[in-house]
Amino acid sequence: TRAVTNLIFSGTMERYQSIKWIVAHAGATVPYLTWRLSLANIESPEVMENAPRGVEAYLKTLHYDTALSPTRHTMASLLELVEPTQILFGSDFPFAPDPLVGLEVREINENPLLDDQVRKMIYRENALRLFPRFATEQDSRSNLDSHSLQQHEKLSVVKRFIINTMKSMVDE
């Protein structure tokens with residue numbers, strides 16, 4: 001929450017509008033505190049200068065992952081702030097052990113606020129839109145339903161994505 005607030009209040013998000021920021025843990029308290037954070041536009045001329053579109057407008061441009069935050073309560077607050085297209089699966093892997101990642105997947109699968117299409121977006125499609133170089137030929141042909149995949153297959157896809165992302169960061 002503090003990092004996101006600093007990005008906005010300092011004018012960083014205004015200066016670097018082309019960056020697609022991804023915030024971990026569903027934004028922590030950001031969705032819950034949106035209104036309170038937005039008061040800075042009224043109370044602080046400096047914030048208004050650095051964030052002329054208003055704090056909430058910047059919060060709505062961020063992407064948020066689900067790492068250690070996939071519960072219906074958290075998702076309800078996050079979905080009030082952003083569209084499902086801005087939510088990506090996150091697990092905290094490799095720091096979160098496999099059983100915990102499995103629990104996170106189960107929470108998403110059983111969340112009544114998320115339909116199959118939204119789950120599919122969260123698990124894969126939203127990340128591929130942000131990182132198209134990780135798409136495979138199968139991604140362009142496939143129309144898989146998230147419930148039709150076995151839980152271990154989902155974890156495998158996520159782990160491969162994370163590992164490939166980490167490898168590409170090292171290579172760059």
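Right above here is the structure, for reference.
On a predicted model such as this, the values are computed, not experimentally measured, just so you know. (Residues numbered from 1 in each chain as written. Predicted model: local features only at pLDDT ≥ 70, side-chain atom pairs only at ≥ 80, totals over all residues. Heavy atoms only, no water.)

Draft legend 1. Structural view of a nonpolar patch on the surface. Judged by side-chain polarity, L68, L100 and L103 come together as a nonpolar surface patch covering roughly 220 Å² of accessible area. Following the sequence through the fold, L68 ends up in the loop between strand 2 (63-65) and helix 7 (72-81). The class for L68 is partly exposed, based on a relative accessible area of 43%. (Patch = residues over 30% accessible without salt bridge, like charges linked within 9 Å, V, L, I, M, F, W, Y side chains within 5 Å. Areas by Shrake-Rupley, 256 points an atom, 1.4 Å probe, with all protein chains shown as cover. Salt bridge = Lys/Arg side-chain N within 4 Å of Asp/Glu carboxyl O. Helix = DSSP H or I, 4+ residues; strand = E, 2+ residues; numbered from the N terminus. Buried < 20%, exposed > 50% of the residue type's maximum accessible area, 1.4 Å probe, protein only.)

Draft legend 2. A look at helix 1 (residues 2-9). When helix 1 is considered as a whole, its buried residues turn out to be V4, T5 and I8. In a view along the axis of helix 1, the buried residues occupy a sector of 100°, so they form one face of it. Exposed residues pointing more than 90 degrees away from the buried face of helix 1 are listed as R2, A3 and N6. In the core, the buried residues of helix 1 are packed alongside helix 2 (12-15), strand 1 (22-23), helix 3 (30-38), helix 5 (45-50) and helix 6 (55-59). Of the residues trailing helix 1, G11 is marked for its positive phi of about 90°. (Arc of directions from axis to C-beta. Contact = heavy atoms within 4.5 Å.)

Draft legend 3. How the structure looks around the side chain of N126. With respect to the element layout, N126 can be found in helix 9 (residues 116-130). We classify N126 as buried; its relative accessible area is 1%. Within the structure, the side chain of N126 is placed 3.5 Å from the backbone oxygen of T85, a separation counted as a polar contact. In this view, N126 contacts P84, T85, Q86, I87, L88 and M121; residues no more than four positions away in its chain are not counted. (Polar contact = N/O pair within 3.5 Å; in protein donor to acceptor, adjacent residues only side chain to side chain.)

Draft legend 4. Structural view of the packing of aromatic side chains. Enumeration over the complete set of coordinates arrives at two aromatic pairs. Consider the rings of F89 and Y123, whose centres lie 5.6 Å apart with planes at 45°: the pair is tilted. One end of the pair, F89, is in the loop between strand 3 (87-88) and helix 8 (98-110); the other, Y123, is in helix 9, with 34 residues separating them in the sequence. Like F89, the residue Y123 is buried in the burial classification. Ring centres 6.3 Å apart and planes at 65° place the aromatic pair F131 and F134 in the edge-to-face group. (Phe/Tyr/Trp six-rings, centres within 6.5 Å; stacked < 30°, edge-to-face > 60°.)

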